[in-house]
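Architecture and fold: a report
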Amino acid sequence: RLGCIACHGSGGRGEVRNPNTEGNEVPALNRLAEFIVSDQQQAQKLLSLIERRFKQGKSLDDLKEPWLEEYHAIKKVILEGRQPTKKDPKGPTPPLYMPSWKGKVKSADIDALIAYLVSLFPEEEWESWSD
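This structure is a prediction, so every number in the text was calculated from the model and none was measured. Along each chain, the written sequence defines residue order, and numbers are assigned to residues from 1. Per-residue local features of the predicted model are confined to residues with pLDDT of at least 70, and side-chain atom pairs are confined, for both listing and counting, to 80 or more; whole-chain, interface and lining totals are unaffected and use all residues. Each side-chain value is derived from all of the structure's non-hydrogen atoms; neither hydrogens nor water enter the calculation.

**Focus on the side chain of Thr21**
Put simply, DSSP H or I for four residues or longer makes a helix, DSSP E for two residues or longer makes a strand, and each gets a number counted from the N terminus. Residue position: Thr21 is located in the loop between helix H1 (5-8) and helix H2 (33-36). Think of it in three bands: residues with accessible area under 20% of the maximum for their type are buried, residues over 50% are exposed, and the middle band is partly exposed, with areas taken using a 1.4 Å probe on protein chains only. With relative accessibility at 4%, the residue Thr21 sits in the buried group. A polar side-chain atom of Thr21 sits 2.6 Å from the main-chain carbonyl oxygen of Asn18. A distance of 3.4 Å separates the side chain of Thr21 from the backbone nitrogen of Glu25, its partner in a polar contact. Ignoring sequence-local partners within four residues, the contact set of Thr21 consists of Pro84, Thr85, Lys87 and Pro94. Here a polar contact is recorded for every N or O atom pair within 3.5 Å, except that within protein the pair must consist of a potential hydrogen donor and a potential acceptor, and residues adjacent in sequence are included only if both atoms are side-chain atoms. Contacts were defined at the residue level, with two residues in contact if any of their heavy atoms lie within 4.5 Å.

Written out as structure tokens, the structure is:
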């Protein structure tokens, strides 16, 4: 409903051109779990935690455990937005950027969004993490 698909593509797979950025595309989100959790067990722990707190009407903002560090970093990007790094500093500014969603989306809803993004990680690849 927020239009994320316009930049991040169907199913969060990316493949949307953004000239003068690394890879010349908007980052894919279907592999975001690789940056947030270290394995499938931790992913399930995060998803359960988000679900439990969501039902209570709470976010994860007050939880400062070290294993949630990357989760908080991703949430910060969603809240504050971010301009992509130029591949060629002298080149044009990339036309697409991550807008700030602060004040537009509830914190607990961002948690639910991150849970969805973690769930997009290709199931068959969880096995390769344990190798």
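More follows now that the structure is in view.
**Comments concerning the packing of helix H4 (residues 69-80) against helix H5 (residues 107-119)**
Axis definition: a line fit to C-alpha positions, over the contact stretch in the case of helices; interaxial angles, taken between N-to-C directions, run 0 to 180 degrees. Running from N to C, H4 and H5 point in directions that differ by 120°, and their axes come no closer than 11 Å. Taken together, the axis directions place H4 and H5 in an arrangement best described as oblique. Between H4 and H5 the crossing geometry is right-handed. Along the contact surface, H4 presents Tyr71, Ile74, Lys75, Ile78 and Leu79, while H5 presents Ser107, Ile110, Asp111, Leu113 and Ile114. For the contact of H4 with H5, the per-class residue count stands at seven nonpolar, one polar and two charged. Between 65 and 115 degrees an angle is taken as roughly perpendicular, under 35 as roughly parallel, over 145 as roughly antiparallel, and anywhere else as oblique. Two helices crossing with the near one rotated counterclockwise from the far one by less than a right angle form a left-handed crossing, whereas a clockwise rotation gives a right-handed crossing. When residues are sorted by character, Ala, Val, Leu, Ile, Met, Phe, Trp, Tyr, Cys and Pro go into the nonpolar class, Asp, Glu, Lys and Arg into the charged class, and all the rest, Gly among them, into the polar class.

**Comments concerning the packing of helix H3 (residues 40-55) against H5**
Axis separation between H3 and H5 bottoms out at 10 Å; the angle between their running directions is 150°. Judged by the angle between their axes, H3 and H5 are roughly antiparallel. The crossing of H3 and H5 is left-handed. Residues Ala43, Leu46, Leu47, Ile50 and Phe54 of H3 pack against Ala108, Asp109, Asp111, Ala112, Ala115 and Val118 of H5. Residues that form the contact of H3 with H5 fall into these classes: nine nonpolar, no polar and two charged.

**What about H3?**
Helices are assigned an expected span. That span is 1.5 Å times one less than the residue count. For H3, with 16 residues, the first-to-last C-alpha span of 23 Å sits near the 22 Å given by 1.5 Å per residue. For H3, the full list of buried residues reads Gln42, Ala43, Leu46, Leu49, Ile50 and Arg53. For H3, the angular spread of the buried residues around the axis is 130°, confining them to a single face. For H3, exposure combined with an orientation more than 90 degrees from the buried face picks out Gln41 and Lys55. The N-cap of H3, judged by a side-chain oxygen 3.2 Å from the amide nitrogen of Gln41 a few residues on, is Asp39. For this quantity, the arc is that covered by the directions from the helix axis to the C-beta atoms.

All we've got here are geometric facts, nothing functional implied.
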